[in-house]
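Breakdown of the fold
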Amino acid sequence: MSDNTAVLLQAMRMGGALPPEIVEYMYHNGAFLLFLGFPQASEFGIDYKTWKTGERFMGLKMIPPGVHFVYCSIKSAPRIGFFHNFKAGEIVVKKWNKEAETFEDGEVPAEQIPEKKRQLKSMDNSLAPYPYENYRSWYGLTDFITPETVERVHPVLGRITSQAELVSLETQFMEDAEREHKETHFKNRVDRQNPVRTRFVDQHGLPIMKIREGYEIRFQEIPALTVTKHQVGIDYSDRLYVLLRGLGGDWKQLLAEMQIAFVCFLQGQVFEGFEQWKRIIHLMSCCSNALGSEKELFMAFIRVLFFQLKECPTDFFVDIVSRDNFLTTTLSMLFANVRDSAHGGAELKKKTAQFKQYLTNQFKWDFDCEDGGEKL
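Parameters at a glance
Residues numbered from 1 in each chain as written. Predicted model: local features only at pLDDT ≥ 70, side-chain atom pairs only at ≥ 80, totals over all residues. Heavy atoms only, no water. 1 Å grid on protein atoms, 1.4 Å probe; cavity = no way out; pocket = protein on both sides within 12 Å on 5 of 7 lines; lining within 4 Å. Points joined across faces, edges and corners; volume = space filled by probe spheres on them. Helix = DSSP H or I, 4+ residues; strand = E, 2+ residues; numbered from the N terminus. Nonpolar A, V, L, I, M, F, W, Y, C, P; charged D, E, K, R; others polar. Pairing = 2+ DSSP bridges. Expected span 1.5 Å × (residues − 1). Buried < 20%, exposed > 50% of the residue type's maximum accessible area, 1.4 Å probe, protein only. Polar contact = N/O pair within 3.5 Å; in protein donor to acceptor, adjacent residues only side chain to side chain.

1. Section: the layout of surface pockets
There is about 500 Å³ of room inside the largest pocket. Taken together, 24 residues make up the lining of the largest pocket; nearest its centre are Phe82, His84, Val92, Lys94 and Asp105. Put simply, the parts of the chain that give the lining of the largest pocket at least two residues each are β6 (80-86), β7 (91-97), β8 (102-105) and α5 (147-153). Per-element tally for the lining of the largest pocket: the top contributor is β7, with four residues. Counted by class, the lining of the largest pocket contains 13 nonpolar, four polar and seven charged residues.

2. Describing the sheet that holds strand β5 (residues 66-73)
Spatial strand order, β3-β2-β5-β6-β10: five strands in an open sheet with antiparallel pairing. With one partner strand each, in any of the chains shown, β3 (49-52) and β10 (160-161) form the two edges of the open sheet. In the sheet, strand β2 (residues 43-46) pairs with β5 via four bridges, with the strands oriented antiparallel. Directly across from Glu43, in β5, lies its bridge partner Ser73.

3. Remarks on helix α8 (residues 251-266)
Between its first and last C-alpha atoms α8 spans 23 Å; for 16 residues at 1.5 Å apiece the expected length is 22 Å, and the two agree. Across the 16 residues of α8, 15 count as buried, placing the element largely inside the fold. Backbone nitrogen of Lys252 and a side-chain oxygen of the N-cap are separated by 3.0 Å at the start of α8; the cap is Asp250.

Shown next, in the form of C-alpha coordinates:
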(Lines give C-alpha, C1' and ligand atoms only; values in the text may rest on other atoms or scores of the structure.)
Protein backbone atom coordinates (compact mmCIF):
# COMPACT_ATOMS: atom_id res chain seq x y z
CA MET A 1 0.00 0.00 0.00
CA SER A 2 1.42 3.39 -0.98
CA ASP A 3 1.61 6.33 1.45
CA ASN A 4 -1.02 8.19 -0.60
CA THR A 5 -3.42 5.25 -0.39
CA ALA A 6 -2.92 4.96 3.36
CA VAL A 7 -3.68 8.68 3.83
CA LEU A 8 -6.84 8.42 1.72
CA LEU A 9 -8.09 5.34 3.56
CA GLN A 10 -7.47 7.04 6.89
CA ALA A 11 -9.44 10.08 5.71
CA MET A 12 -12.29 7.81 4.60
CA ARG A 13 -12.45 6.23 8.06
CA MET A 14 -13.17 9.67 9.52
CA GLY A 15 -16.38 9.89 7.48
CA GLY A 16 -17.85 12.94 5.80
CA ALA A 17 -16.15 15.00 3.09
CA LEU A 18 -12.45 14.93 2.40
CA PRO A 19 -10.43 17.57 4.26
CA PRO A 20 -9.66 20.61 2.03
CA GLU A 21 -5.92 19.94 2.13
CA ILE A 22 -6.43 16.39 0.76
CA VAL A 23 -8.79 17.68 -1.96
CA GLU A 24 -6.11 20.18 -3.01
CA TYR A 25 -3.41 17.50 -2.93
CA MET A 26 -5.44 15.06 -5.01
CA TYR A 27 -6.31 17.70 -7.59
CA HIS A 28 -2.62 18.23 -8.27
CA ASN A 29 -1.45 14.64 -7.77
CA GLY A 30 -4.42 12.53 -8.81
CA ALA A 31 -4.98 11.33 -12.35
CA PHE A 32 -7.38 12.70 -14.98
CA LEU A 33 -9.54 10.76 -17.40
CA LEU A 34 -10.82 12.68 -20.41
CA PHE A 35 -13.74 10.82 -21.98
CA LEU A 36 -14.51 12.96 -24.98
CA GLY A 37 -17.65 12.91 -27.11
CA PHE A 38 -19.60 10.56 -24.86
CA PRO A 39 -23.38 10.96 -25.36
CA GLN A 40 -25.52 12.75 -22.83
CA ALA A 41 -27.87 10.74 -20.57
CA SER A 42 -25.71 7.61 -20.93
CA GLU A 43 -24.34 5.38 -18.20
CA PHE A 44 -20.79 6.06 -17.04
CA GLY A 45 -19.02 4.57 -14.05
CA ILE A 46 -15.73 4.06 -12.30
CA ASP A 47 -15.13 1.39 -9.68
CA TYR A 48 -18.17 1.29 -7.37
CA LYS A 49 -20.04 4.37 -8.66
CA THR A 50 -22.25 4.94 -11.72
CA TRP A 51 -23.80 8.12 -13.13
CA LYS A 52 -26.00 9.35 -15.93
CA THR A 53 -23.94 11.81 -17.93
CA GLY A 54 -24.96 15.43 -18.40
CA GLU A 55 -24.46 17.59 -21.48
CA ARG A 56 -21.15 19.01 -20.20
CA PHE A 57 -19.57 15.72 -19.12
CA MET A 58 -15.98 15.32 -20.34
CA GLY A 59 -14.45 12.92 -17.83
CA LEU A 60 -13.09 12.57 -14.29
CA LYS A 61 -10.55 14.33 -12.11
CA MET A 62 -8.70 13.54 -8.87
CA ILE A 63 -8.50 9.80 -9.52
CA PRO A 64 -6.31 8.21 -6.81
CA PRO A 65 -3.26 6.37 -8.18
CA GLY A 66 -3.80 2.65 -8.62
CA VAL A 67 -5.88 0.17 -10.57
CA HIS A 68 -9.43 1.26 -11.42
CA PHE A 69 -12.24 -0.06 -13.61
CA VAL A 70 -14.00 2.37 -15.96
CA TYR A 71 -17.18 1.32 -17.75
CA CYS A 72 -20.02 2.80 -19.77
CA SER A 73 -23.02 2.03 -21.94
CA ILE A 74 -25.36 3.98 -24.19
CA LYS A 75 -29.13 3.50 -24.22
CA SER A 76 -29.72 -0.18 -23.43
CA ALA A 77 -26.46 -1.39 -25.00
CA PRO A 78 -24.18 -3.82 -23.10
CA ARG A 79 -21.55 -2.35 -20.83
CA ILE A 80 -18.01 -1.96 -22.10
CA GLY A 81 -15.06 -1.00 -19.95
CA PHE A 82 -11.39 -1.28 -19.15
CA PHE A 83 -9.00 -1.63 -16.24
CA HIS A 84 -6.19 0.89 -16.01
CA ASN A 85 -3.39 1.52 -13.55
CA PHE A 86 -3.67 5.29 -13.11
CA LYS A 87 -0.41 6.96 -12.18
CA ALA A 88 -0.05 10.15 -10.14
CA GLY A 89 -0.64 13.17 -12.37
CA GLU A 90 -1.41 11.02 -15.43
CA ILE A 91 -3.84 12.19 -18.11
CA VAL A 92 -5.69 9.35 -19.86
CA VAL A 93 -7.71 10.24 -22.96
CA LYS A 94 -10.51 8.17 -24.49
CA LYS A 95 -12.61 9.29 -27.45
CA TRP A 96 -16.09 8.01 -28.18
CA ASN A 97 -16.61 6.56 -31.66
CA LYS A 98 -20.28 7.20 -32.42
CA GLU A 99 -20.41 4.92 -35.45
CA ALA A 100 -18.75 1.93 -33.77
CA GLU A 101 -20.39 2.71 -30.39
CA THR A 102 -17.17 2.19 -28.47
CA PHE A 103 -14.24 4.18 -27.10
CA GLU A 104 -10.81 4.60 -28.63
CA ASP A 105 -7.46 5.63 -27.18
CA GLY A 106 -6.21 9.17 -27.49
CA GLU A 107 -2.62 9.52 -26.30
CA VAL A 108 -1.04 12.56 -24.66
CA PRO A 109 2.72 12.72 -25.38
CA ALA A 110 4.84 13.30 -22.28
CA GLU A 111 6.08 16.66 -23.50
CA GLN A 112 2.49 17.90 -23.87
CA ILE A 113 1.33 16.94 -20.38
CA PRO A 114 2.23 20.27 -18.66
CA GLU A 115 0.31 22.24 -21.29
CA LYS A 116 -2.58 19.78 -21.16
CA LYS A 117 -2.80 20.20 -17.39
CA ARG A 118 -3.04 23.98 -17.82
CA GLN A 119 -5.88 23.43 -20.28
CA LEU A 120 -7.69 21.25 -17.74
CA LYS A 121 -8.46 24.37 -15.69
CA SER A 122 -10.88 25.54 -18.37
CA MET A 123 -12.53 22.09 -18.39
CA ASP A 124 -12.84 21.81 -14.62
CA ASN A 125 -16.64 22.24 -14.48
CA SER A 126 -17.01 19.40 -17.01
CA LEU A 127 -14.91 16.92 -15.01
CA ALA A 128 -16.58 14.95 -12.24
CA PRO A 129 -14.51 14.34 -9.09
CA TYR A 130 -13.63 10.75 -8.29
CA PRO A 131 -16.27 9.32 -5.88
CA TYR A 132 -14.16 9.07 -2.74
CA GLU A 133 -17.14 7.96 -0.67
CA ASN A 134 -16.76 4.56 -2.38
CA TYR A 135 -12.95 4.36 -2.29
CA ARG A 136 -12.68 2.14 0.80
CA SER A 137 -15.13 -0.36 -0.71
CA TRP A 138 -13.22 -0.39 -4.00
CA TYR A 139 -9.87 -0.84 -2.28
CA GLY A 140 -11.25 -3.73 -0.24
CA LEU A 141 -12.48 -5.44 -3.40
CA THR A 142 -9.21 -5.03 -5.32
CA ASP A 143 -6.30 -4.83 -2.88
CA PHE A 144 -4.47 -7.80 -4.45
CA ILE A 145 -4.83 -6.55 -8.04
CA THR A 146 -1.58 -5.11 -9.40
CA PRO A 147 -0.61 -3.52 -12.72
CA GLU A 148 0.91 -6.91 -13.60
CA THR A 149 -2.47 -8.59 -12.99
CA VAL A 150 -4.17 -6.17 -15.36
CA GLU A 151 -1.51 -6.63 -18.04
CA ARG A 152 -1.76 -10.42 -17.77
CA VAL A 153 -5.56 -10.73 -17.75
CA HIS A 154 -6.84 -7.77 -19.75
CA PRO A 155 -8.08 -8.43 -23.33
CA VAL A 156 -5.44 -7.65 -25.95
CA LEU A 157 -7.76 -5.17 -27.70
CA GLY A 158 -8.23 -3.21 -24.50
CA ARG A 159 -11.98 -3.55 -23.95
CA ILE A 160 -14.00 -5.71 -21.59
CA THR A 161 -17.54 -6.21 -22.83
CA SER A 162 -20.57 -7.86 -21.28
CA GLN A 163 -21.57 -9.12 -24.71
CA ALA A 164 -18.51 -10.72 -26.23
CA GLU A 165 -18.06 -10.67 -29.99
CA LEU A 166 -18.42 -14.28 -31.11
CA VAL A 167 -17.10 -15.83 -34.30
CA SER A 168 -17.47 -19.35 -35.65
CA LEU A 169 -14.34 -21.50 -35.82
CA GLU A 170 -14.89 -21.74 -39.57
CA THR A 171 -14.92 -17.96 -39.99
CA GLN A 172 -11.86 -17.66 -37.79
CA PHE A 173 -10.11 -20.28 -39.92
CA MET A 174 -10.97 -18.42 -43.11
CA GLU A 175 -9.89 -15.04 -41.75
CA ASP A 176 -6.58 -16.46 -40.51
CA ALA A 177 -5.99 -18.15 -43.86
CA GLU A 178 -6.69 -14.95 -45.77
CA ARG A 179 -4.25 -13.00 -43.63
CA GLU A 180 -1.50 -15.60 -43.98
CA HIS A 181 -1.93 -16.35 -47.68
CA LYS A 182 -3.02 -13.10 -49.28
CA GLU A 183 -0.64 -13.48 -52.19
CA THR A 184 -1.39 -17.13 -53.00
CA HIS A 185 -5.14 -16.82 -53.63
CA PHE A 186 -5.65 -19.32 -50.83
CA LYS A 187 -8.88 -17.61 -49.93
CA ASN A 188 -10.47 -18.93 -53.12
CA ARG A 189 -10.09 -22.45 -51.76
CA VAL A 190 -12.01 -21.66 -48.56
CA ASP A 191 -14.68 -19.53 -50.18
CA ARG A 192 -18.12 -19.78 -48.55
CA GLN A 193 -19.55 -21.08 -51.84
CA ASN A 194 -17.09 -23.97 -51.98
CA PRO A 195 -19.04 -27.13 -50.96
CA VAL A 196 -15.90 -28.90 -49.75
CA ARG A 197 -14.65 -26.15 -47.44
CA THR A 198 -13.58 -27.08 -43.92
CA ARG A 199 -16.45 -27.11 -41.45
CA PHE A 200 -16.39 -26.89 -37.66
CA VAL A 201 -19.64 -28.07 -36.09
CA ASP A 202 -20.69 -29.68 -32.84
CA GLN A 203 -22.47 -33.01 -32.41
CA HIS A 204 -25.78 -31.35 -33.26
CA GLY A 205 -24.46 -29.85 -36.50
CA LEU A 206 -24.38 -26.30 -35.10
CA PRO A 207 -21.39 -23.99 -35.73
CA ILE A 208 -18.77 -24.04 -32.98
CA MET A 209 -18.40 -20.49 -31.65
CA LYS A 210 -15.58 -18.77 -29.80
CA ILE A 211 -14.85 -15.27 -28.59
CA ARG A 212 -13.14 -13.34 -31.37
CA GLU A 213 -9.38 -13.22 -30.84
CA GLY A 214 -8.28 -10.19 -28.85
CA TYR A 215 -11.56 -9.80 -26.96
CA GLU A 216 -11.02 -12.62 -24.45
CA ILE A 217 -10.35 -11.90 -20.80
CA ARG A 218 -7.19 -13.94 -20.37
CA PHE A 219 -8.05 -15.80 -17.19
CA GLN A 220 -5.79 -18.60 -15.98
CA GLU A 221 -7.06 -22.01 -16.96
CA ILE A 222 -7.97 -24.19 -14.01
CA PRO A 223 -5.91 -27.33 -14.78
CA ALA A 224 -7.53 -30.74 -15.03
CA LEU A 225 -7.57 -33.00 -11.98
CA THR A 226 -5.55 -36.20 -12.07
CA VAL A 227 -7.49 -38.82 -10.13
CA THR A 228 -5.77 -41.92 -8.78
CA LYS A 229 -7.27 -44.98 -7.13
CA HIS A 230 -5.40 -44.08 -3.94
CA GLN A 231 -7.26 -40.78 -3.57
CA VAL A 232 -9.92 -40.69 -0.89
CA GLY A 233 -12.74 -38.19 -1.34
CA ILE A 234 -12.36 -35.04 -3.39
CA ASP A 235 -9.03 -33.23 -3.31
CA TYR A 236 -7.87 -30.75 -5.95
CA SER A 237 -4.57 -29.79 -4.32
CA ASP A 238 -2.64 -30.90 -7.39
CA ARG A 239 -4.73 -28.48 -9.46
CA LEU A 240 -3.91 -25.69 -7.05
CA TYR A 241 -0.16 -26.39 -7.18
CA VAL A 242 -0.20 -26.39 -11.01
CA LEU A 243 -2.13 -23.14 -11.02
CA LEU A 244 0.27 -21.50 -8.59
CA ARG A 245 3.28 -22.61 -10.65
CA GLY A 246 1.64 -20.98 -13.68
CA LEU A 247 1.49 -17.77 -11.68
CA GLY A 248 5.17 -17.90 -10.79
CA GLY A 249 4.45 -19.31 -7.34
CA ASP A 250 2.77 -16.04 -6.26
CA TRP A 251 -0.46 -16.94 -4.45
CA LYS A 252 -1.39 -13.27 -4.27
CA GLN A 253 -1.86 -13.31 -8.04
CA LEU A 254 -4.44 -16.08 -7.67
CA LEU A 255 -6.43 -13.91 -5.27
CA ALA A 256 -5.91 -10.95 -7.61
CA GLU A 257 -7.48 -12.97 -10.42
CA MET A 258 -10.35 -13.91 -8.13
CA GLN A 259 -10.88 -10.21 -7.43
CA ILE A 260 -10.62 -9.11 -11.05
CA ALA A 261 -13.04 -11.87 -12.10
CA PHE A 262 -15.51 -10.70 -9.45
CA VAL A 263 -15.29 -7.06 -10.56
CA CYS A 264 -15.71 -8.10 -14.21
CA PHE A 265 -19.00 -9.73 -13.27
CA LEU A 266 -20.28 -7.34 -10.60
CA GLN A 267 -19.49 -4.08 -12.41
CA GLY A 268 -18.72 -5.18 -15.96
CA GLN A 269 -21.68 -7.61 -16.11
CA VAL A 270 -19.42 -10.20 -17.78
CA PHE A 271 -20.72 -13.71 -17.14
CA GLU A 272 -17.31 -15.33 -17.77
CA GLY A 273 -16.05 -13.35 -14.77
CA PHE A 274 -18.69 -15.04 -12.64
CA GLU A 275 -17.72 -18.45 -14.01
CA GLN A 276 -14.01 -17.91 -13.23
CA TRP A 277 -14.89 -16.67 -9.74
CA LYS A 278 -16.91 -19.84 -9.17
CA ARG A 279 -14.08 -22.05 -10.46
CA ILE A 280 -11.56 -20.49 -8.09
CA ILE A 281 -13.89 -20.82 -5.10
CA HIS A 282 -14.60 -24.44 -5.98
CA LEU A 283 -10.89 -25.19 -6.33
CA MET A 284 -9.99 -23.54 -3.03
CA SER A 285 -12.79 -25.37 -1.24
CA CYS A 286 -11.49 -28.79 -2.26
CA CYS A 287 -7.79 -28.70 -1.36
CA SER A 288 -7.60 -30.39 2.02
CA ASN A 289 -4.04 -31.61 1.40
CA ALA A 290 -2.82 -28.04 0.78
CA LEU A 291 -4.27 -26.48 3.94
CA GLY A 292 -1.00 -26.84 5.81
CA SER A 293 1.50 -25.80 3.14
CA GLU A 294 -0.66 -22.94 1.79
CA LYS A 295 -2.07 -21.71 5.07
CA GLU A 296 -1.33 -18.06 4.29
CA LEU A 297 -3.20 -18.31 0.99
CA PHE A 298 -6.27 -19.83 2.64
CA MET A 299 -6.33 -17.17 5.37
CA ALA A 300 -6.27 -14.44 2.74
CA PHE A 301 -8.84 -16.29 0.61
CA ILE A 302 -11.33 -16.25 3.49
CA ARG A 303 -10.80 -12.50 3.91
CA VAL A 304 -11.22 -11.79 0.18
CA LEU A 305 -14.40 -13.84 -0.08
CA PHE A 306 -15.80 -12.31 3.12
CA PHE A 307 -15.34 -8.80 1.75
CA GLN A 308 -16.81 -9.69 -1.64
CA LEU A 309 -19.95 -11.16 -0.09
CA LYS A 310 -20.20 -8.27 2.38
CA GLU A 311 -20.03 -5.65 -0.38
CA CYS A 312 -22.47 -7.34 -2.77
CA PRO A 313 -25.95 -5.94 -3.31
CA THR A 314 -28.54 -8.15 -1.59
CA ASP A 315 -30.33 -9.02 -4.82
CA PHE A 316 -27.05 -10.33 -6.25
CA PHE A 317 -27.52 -13.50 -4.20
CA VAL A 318 -31.21 -13.83 -4.89
CA ASP A 319 -30.83 -13.49 -8.66
CA ILE A 320 -27.44 -15.09 -9.31
CA VAL A 321 -25.52 -16.77 -6.51
CA SER A 322 -28.34 -18.56 -4.71
CA ARG A 323 -30.01 -19.73 -7.91
CA ASP A 324 -28.01 -22.95 -8.08
CA ASN A 325 -26.92 -22.87 -4.43
CA PHE A 326 -23.29 -23.30 -5.47
CA LEU A 327 -21.85 -21.33 -2.54
CA THR A 328 -23.58 -23.38 0.14
CA THR A 329 -22.65 -26.71 -1.42
CA THR A 330 -19.09 -25.64 -2.27
CA LEU A 331 -18.28 -23.82 0.97
CA SER A 332 -19.66 -26.76 2.92
CA MET A 333 -16.68 -28.72 1.59
CA LEU A 334 -14.27 -25.93 2.59
CA PHE A 335 -15.62 -25.73 6.12
CA ALA A 336 -15.54 -29.50 6.54
CA ASN A 337 -11.98 -29.76 5.16
CA VAL A 338 -10.68 -27.06 7.50
CA ARG A 339 -12.54 -28.48 10.48
CA ASP A 340 -11.12 -31.97 9.93
CA SER A 341 -7.61 -30.89 8.91
CA ALA A 342 -4.69 -31.93 11.09
CA HIS A 343 -2.45 -29.26 9.51
CA GLY A 344 -4.69 -26.21 9.01
CA GLY A 345 -3.80 -24.66 12.33
CA ALA A 346 -5.88 -23.02 15.06
CA GLU A 347 -5.98 -19.56 13.48
CA LEU A 348 -7.34 -20.80 10.13
CA LYS A 349 -9.91 -22.95 11.92
CA LYS A 350 -11.03 -19.96 13.99
CA LYS A 351 -11.31 -17.60 11.01
CA THR A 352 -13.19 -20.18 8.95
CA ALA A 353 -15.64 -20.88 11.77
CA GLN A 354 -16.28 -17.14 12.17
CA PHE A 355 -16.84 -16.79 8.41
CA LYS A 356 -19.27 -19.72 8.42
CA GLN A 357 -21.21 -18.17 11.31
CA TYR A 358 -21.34 -14.82 9.51
CA LEU A 359 -22.81 -16.40 6.37
CA THR A 360 -25.33 -18.38 8.40
CA ASN A 361 -26.49 -15.27 10.26
CA GLN A 362 -26.41 -12.91 7.28
CA PHE A 363 -27.87 -15.08 4.51
CA LYS A 364 -29.52 -17.95 6.46
CA TRP A 365 -27.45 -20.49 4.52
CA ASP A 366 -27.28 -24.06 5.80
CA PHE A 367 -23.81 -25.62 5.63
CA ASP A 368 -24.61 -28.83 7.46
CA CYS A 369 -25.10 -30.93 4.31
CA GLU A 370 -22.36 -33.53 4.05
CA ASP A 371 -22.78 -34.44 0.40
CA GLY A 372 -23.25 -32.50 -2.80
CA GLY A 373 -20.93 -30.34 -4.72
CA GLU A 374 -20.66 -29.00 -8.21
CA LYS A 375 -18.62 -30.08 -11.17
CA LEU A 376 -16.32 -27.54 -12.78
